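For reference, the chains in residue letters:
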Amino acid sequence: MINMQPYENPEYFLWLSLALLPIIIGLLKGKRWRIYETIVSFAFLFLIFDANKFVQGLALIGYVAFEMCLMFAYFKYRQKRNDTWVFVIAVLLAIFPLVIVKITPVFEHGAASIIGFLGISYLTFKIVGIIMETRDGMIKSLDFLKVLHFILFFPTISSGPIDRYRRFIKDYDTVPSVEKYVNMLGKSVHYIFLGFLYKFILAYYFGSVLLPQVSALALAHGGISWYLVEYMYVYSMDLFFDFAGYSLFAVGTSYAMGIETPMNFNLPFISKNIKDFWNRWHMTLSFWFRDYIYMRLVFFLMKKKLVKNKVNLANLGYLTLFLIMGFWHGVTWYYIVYGLFHACAIIICDVWLRFKKKHRDKIPSNRFTKIFAIFLTFNLVCFSFLIFSGFLNTLFFMKH
Amino acid sequence: MKDTVLNILVDLTGSDEVKKDLDVNLFETGLLDSMGTVQLLLELESECGVDAPVSEFERSEWDTPNKIIAKVEAMTNEL
Amino acid sequence: MSFKKKLWLIFGPVIVAILILLVFLVSPFKLNVNKKILPGASISQSVDVFKGTAIKKAALEKNYVAFMGSSELSRIDPLHPSVLARKYHRSYRPFLLGAAGSQSLSHYWAMQGINRQLKNKKAVFIISPQWFVKKGIDPQAFAYYYSNLQVITWLKTADKSEMDIYAAKRLLQMKNLHSDSIIEDAVERIASGKTLTDIQKTYVDLKYNELSHEDQLFSVLHVNTRTSIIKRQMKQLPDTYNYSKLDKLAYDLGKKNTTNNPFEVDNVFWKKRLKGAYKNLQNEQSDFNYVSSPEYADFQLVLNQFAKNNTNVLFVIPPINKSWAKYTGLSMKMIATFDKKIKYQLKQQGFTNIVDMSKDGSEHYFMQDTIHLGWRGWLKLDKYVDPFLTKKQKTPKFKINNYFYSKNWQNLHGNSLNKVVD
């Protein structure tokens, strides 16, 4: 049976463009053929999860059934009452399958959980977002088919970008004007071709050509070596171009369907500090964490006056955010250290920014300092990716 | 109402700039960050009596003093 | 701007790009490989070079000779064949094919793109006894060295011969190799003794153009990582070739580099690979057996292909470090049986150029470590390689016997083996 993973090869793009053609023609005529869109979505989902991925497909169906019941039960409850404990339980239940999937490899010697499937993390983010906004009373109506369409939106199902329900539905409910849609089509084509450059040329070169070579050299040398430094930069480039390329495909495909899925990357390697970096790197994830974890935690702690000192409060927020992000990547020491590393970097960055604000007149700011800031941030980030890669684990703790 | 909001912003950003330029982008200039935003929401709640949950907060709709004033006015009118 | 014009501006370039790509991929022209990359590629042992064909073809059409083997090829000391050939300006240059994990079956598939270049030529093939384990090649290692280009090239000429049928069957035993179901179906047809359908033939031809253009294009990306090592090793050699002087040098180098262990194993290898584990390895290998293995039939594929190409091959059976073998309990009697069996398979079919070093394992500094040739071992091999490649050889007469594909031969051991072989 045919199985197609999202954006994996030219064949996928061929089928994708054929499937999108009627949608594009429709939108150019000012019409959105929602039933056809649903059929296309379903067909592409089916092709991801059929054949030897069948078990994952079953897991997906089970997961979606469970989460749909949860969301609608909570929505119904929220129309009448608003107890905090019910909200907490709803969120815990929503992340429960993801937690199981993340923890299973730790206890099963690296084996994947059978309830896992491609994209479970991203679906969970969207669902938790819906529950939180329901709690805040911002989501006033919940339509069964629309929710389903939102969480299973096929261009972004495997790795985001993470959209928000209210934003998505606003696009889905309307048809863009022809002028606007032609502009979107232009962007769509631009994004997809930029994605080709990123994913199939640059990421291929860094990831499939250079990376195996520097990795072999670093392992053969052992310990700390210049090869390890090379590995760090090569891996960072591969990570960026691979993920950014993928995200461009997802956004480009969405645009062709008249949905303005938010961008995921905005030139992250020219960030002037770590804070700036997180506003440019994997943006939909970091904004999700900012809006749904950091701000809510800080809001809660401040309102209840649990932590008085503002600096401590902010730092506590950062540590919580990045630790959760670390665990979300996977329960291994290097993901958690990666999270802590970024939390510390941001805390130090804040100290510096406060210092700079106070002594603005004494600290020089010119072209050189700006370039130096970018250089420093870039190297810090690459070092954090070296931790993230798990290569240090292979190098130091595994026999090879 | 306008003055109350501006005073809160001066307080939070530690700068008079928000009074001088009502269209300054608070996030791009670094005057306000997530922490400041949360404080802003809490201050607005206690000083102006508007209850704005975090979900309400969409950065592009709250990024200049003028936009914030307009938002708050709209919300007090709803009361 | 009218909205139709805008659409043209958006999709026009896309359509043009697709058309150019189609023309590029399916038209049968050839991109030449830059000859400057050949010296680096010949010693890179890169898996991409191994899986591709463009670079190998370009090299073998010049004065490069295929040196096929596995991990021993990466032991580059001053006496390594690639270093000696360059230092003493030999008429040939080795082109190293294979690295850790590349066994007979991988070599058979890697030969598919270069059969024409091997025709009536010479080659060197190092047979590792360690390949001949009970289960044969590990499917994961096989997948690592396998490419769609190999199978597509093979499908162009595959017929109902025993060799092709056996190769197809082996391929089908390695699971999940192809994401391409048309290729999988085509291999299945060959395995069941049929020829390809017309549609499959057309597909194979188009796919071949696509993949070989891809391969030619990506040869540009080949990164040279090892030339500096070769140059460094060359500096240690005397300017004129003198066997006994070189032997002395090899002896001294071996002595200098094997000081931290009692097995005359290279210091670095010892420190990284054995020091931690060697205590647990005592007598660990006493039940190792290289006499019954599917590898014998895989090896037959290689022989059959060589015979078909009329390639004159120097086969090398390397030794095993004797003191290490004694420590791990590896049976030398079993190794002698392996030796007898593999030589029978070779000689019976007319492959008579064999360098049997299996009894040299106790020579000092012959091995760089446990099972890999080094210093004096490389030098002794050179004594056979140099004349074989530089002097005219008798034209070999091959007579392939399909019996060597059979399960019976793969598993033949003990007395029944003795009866056949002696």
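Each value, and the rule that gives it
Residues numbered from 1 in each chain as written. Chains lettered and ligands numbered in written order. Predicted model: local features only at pLDDT ≥ 70, side-chain atom pairs only at ≥ 80, totals over all residues. Helix = DSSP H or I, 4+ residues; strand = E, 2+ residues; numbered from the N terminus. Rg over C-alpha atoms; globule rule 2.2 N^0.38 Å. Buried ≥ 20, exposed ≤ 12 C-beta atoms within 10 Å, placed from the backbone. Contact = placed C-beta atoms within 7 Å. UniProt positions renumbered as here; feature names shortened; annotations may be inferred. Axes fitted to C-alpha atoms, helices over the stretch in contact; angles between N-to-C directions. Parallel < 35°, antiparallel > 145°, perpendicular 65-115°, else oblique. Nonpolar A, V, L, I, M, F, W, Y, C, P; charged D, E, K, R; others polar. Left-handed = near helix turned anticlockwise from the far one by under 90°. Pairing = 2+ DSSP bridges.

Considerations on the overall build of chain C
On a plain count of helices and strands, chain C comes out with 21 helices and five strands. The C-alpha atoms of chain C give 24 Å as radius of gyration, which agrees with the globular expectation for 422 residues (22 Å, within 12%). Over its C-alpha atoms, taken along the principal directions, chain C stretches across nearly 85 × 50 × 50 Å. Counting over 422 residues, chain C shows a buried share of 42%. Residue pairs at least 24 apart in sequence account for 83% of intrachain contacts in chain C once pairs closer than 6 positions are excluded.

Structural notes on the UniProt feature "transmembrane region" (unreviewed entry) in chain C
Listed under "transmembrane region" (unreviewed entry) in the UniProt record, and renumbered for this structure, are residues 7-29 of chain C. What you have in residues 7-29 of chain C is 87% helix and 0% strand, and the ends, taken at the C-alpha atoms, are 34 Å apart.

Concerning the packing of helix α9 (residues 226-256) of chain A against helix α14 (residues 367-389) of chain A
Residue and element names in this part refer to chain A. Contact geometry of α9 with α14 gives a least axis separation of 9 Å together with a crossing angle of 85°. On the basis of their axis angle, the class for α9 and α14 is roughly perpendicular. Contact residues: α9 offers M232, Y233, Y235, S236 and L239, while α14 offers C382, F383, F385, L386 and S389.

Describing the interface of chain C and chain A
Between chain C and chain A, the residue contacts involve nine residues of the former and nine residues of the latter. Ranked by the residues each element gives to the side of chain C that touches chain A, the list is headed by helix α1 (residues 3-26) of chain C, at five residues. For the side of chain C that touches chain A, a count of residues per class yields six nonpolar, one polar and two charged.

So, the packing of helix α11 (residues 283-303) of chain A against helix α12 (residues 310-329) of chain A
All names here are of chain A. For the pair α11 and α12, the least separation of the axes is 10 Å and the interaxial angle reads 145°. At the point where α11 passes α12, the crossing takes the right-handed sense. For the pair formed by α11 and α12, the contact residues are F289, I293, Y294, L297, V298, L301 and M302 on the first element and L313, G317, T320, L321, I324 and M325 on the second.

Comments concerning the interface of chain A and chain B
Counting residues at the interface gives 15 residues for chain A and 10 residues for chain B. Of all the secondary-structure elements, those providing two or more residues to the side of chain A that touches chain B are α5 (120-135), α11 and α12 of chain A. When its residues are assigned to classes, the side of chain A that touches chain B shows eight nonpolar, no polar and seven charged.

Quick look at the sheet that holds strand β4 (residues 312-317) of chain C
Residue and element names in this part refer to chain C. Strand order in the open sheet formed by five strands is β2-β1-β3-β4-β5, with parallel pairing between adjacent strands. Two strands lie at the open edges of the sheet, namely β2 (93-97) and β5 (354-356), each paired on one side alone. Averaged over all adjacent pairs, the angle separating strand axes in this sheet is 20°, with direction ignored. Strands β1 (64-68), β3 (122-126), β4 and β5 of the sheet are contacted by helix α19 (residues 375-390), whose axis makes an angle of about 175° with β4.

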